[in-house]
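# Structural description and commentary
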Amino acid sequence: MIEMPSLVDQYCHGVLRTELGLGTFEAHLARTEGPPAAGTTLFDTQTGFAVRRWCPPLLGLEPHCPPARYLARRRELGVLESGRRLLRGSGITTYLVDAGLPGDLTGPSEMASTGAAHAHEIIRLELLAEQVADTSGTVESFLANLAESIHGAAANAVAFTSIAGGRHGLALAPEPPGPGEVRGAAGRWLAGRRVGGALSDPVLLRHLLWIAVASGLPLQLHAGLGEPGLRIDRTDPVLLTDFARATAGLGTDLVLLHGYPYHRHTAHLAGVFPHVYADLGAALVRTGARAAAVLSEMLELAPFGKLLFSSGAHGLPELHVVGARLFREALARVLGTWVAEGAWSLADAQRVAGLIAAGNARRVYGVE
């Protein structure tokens, strides 16, 4: 029997503070461009089935109970108590939280208190740049304030994260842009944007990445499936190969988030480049009962010290639970099979489980 250690969730978001109806809850089970088709439900997905399997017992219900009954119990307990029970029942003891999404979401300190856990902040580069642009009058002040803001954020955060893939695509030129190129791009962007306008200029996205690399903090890069409307052919992590090569030896680790359905490409890059790591989150949460098969594919390619657990959860505390439970089940099944077949010793399996669950994240991010 492989004992599963406590977990460091190396990438997640906060949870909603508001009560949810059936339709709103469903909308958080899968990132679609609209409601489910007439006569269907997003509970009929691998993620939806996993929620019904693992979450009801934490609220005093039987596994696999109907969605309507589960949500009624959730409302009966209230959003605060149900969130507390779910987060504390997840087995996650440290959260690394990207607070860069809109909505009434809890931040790191609330995640820590609600989940009786540690929590640390991840800074989203594009949001930081947009906030700086909102308060900078000129190109010169924007660029100076941006560099100062990133430097200041690095003093308190554990990592930077970038959604350049979702804003433009990962096929960015790998080298840092020159000063003139950056000033020109900044001038065009500032002249054409309103307050709150999103950053999608490829030159400025590259500029952000390279400022983050210079900070020395780990840099997380979103790849694979993401927000609705995203062209996932533009977010294949293999497109980051040249950037990974350009940043080798500079002292900054790159963590490829999500990756699915290109999880084998993510694992491959983690195997090729010493400073590249692969996240397991979305690959397991989206595949549910098939999570063990997907995990075994990543274990074929990536060194075991280069894989990191995350839930990738956003909005629903249920997704933290599902991410943690699916990870534990998948890892125990895969490693347990190899031990039973004599390919691995139990001691080695236990050691590798500890690395992927928490040890690798503690080493990369320097957290508890």
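Read on for an overview of the structure. (Residues numbered from 1 in each chain as written. Predicted model: local features only at pLDDT ≥ 70, side-chain atom pairs only at ≥ 80, totals over all residues. Heavy atoms only, no water.)

### What to know about the packing of aromatic side chains
- Throughout the structure, instances matching the rule amount to seven aromatic pairs.
- Ring centres 4.9 Å apart and planes at 40° place the aromatic pair Phe309 and Phe327 in the tilted group. In this pair, Phe309 is assigned in the loop between strand 8 (307–308) and helix 15 (317–340) and Phe327 in helix 15, connecting sequence segments 18 residues apart. For the pair shown, Phe309 and Phe327 are each scored as buried.
- The rings of Phe25, Phe43 and Tyr70 are connected pair by pair, giving a single aromatic cluster.
- Directly above the ring of Trp54 sits Arg53, whose terminal nitrogen or CZ lies 3.9 Å from the centroid. (Phe/Tyr/Trp six-rings, centres within 6.5 Å; stacked < 30°, edge-to-face > 60°. Helix = DSSP H or I, 4+ residues; strand = E, 2+ residues; numbered from the N terminus. Buried < 20%, exposed > 50% of the residue type's maximum accessible area, 1.4 Å probe, protein only. Lys NZ or Arg CZ within 6 Å of the ring centre and 35° of its normal.)

### Overview of helix 16 (residues 346–365)
- The end-to-end C-alpha separation of helix 16 is 28 Å, in line with the 28 Å expected for 20 residues at 1.5 Å each.
- For helix 16, the principal kink sits at Leu355 and spans about 55°.
- Every buried residue of helix 16 is listed here: Ala349, Val352, Ala353, Ile356, Ala357, Ala358, Asn360, Ala361, Val364 and Tyr365.
- Within two residues after helix 16, Gly366 carries a phi angle of roughly 65°, on the positive side. (Expected span 1.5 Å × (residues − 1). Bend = angle between axes of the 7 residues up to and from the residue.)

### Side note on the side chain of Thr94
- Along the chain, Thr94 falls in strand 2 (residues 92–98).
- Taking relative accessible area as the criterion, Thr94 reaches 1% and is therefore assigned buried.
- Ignoring any residue separated from it by four or fewer positions in sequence, one finds Thr94 in contact with Leu7, Val8, Asp9, Ala117, His118, His120, Val367 and Glu368. (Contact = heavy atoms within 4.5 Å.)

### Details of the pattern of salt bridges
- With the rule as written, the count across this model stands at 15 salt bridges.
- Between Asp348 and Arg351 there is a salt bridge; the shortest N-O distance is 3.7 Å. On the criterion of helical spacing, the pair formed by Asp348 and Arg351 is a turn pair, its members being three residues apart in helix 16.
- The exposure class of Asp348 is partly exposed, given its relative accessible area of 36%.
- Taken together, the salt bridges that share partners define one network made up of Arg17, Asp104 and Glu110. (Salt bridge = Lys/Arg side-chain N within 4 Å of Asp/Glu carboxyl O.)

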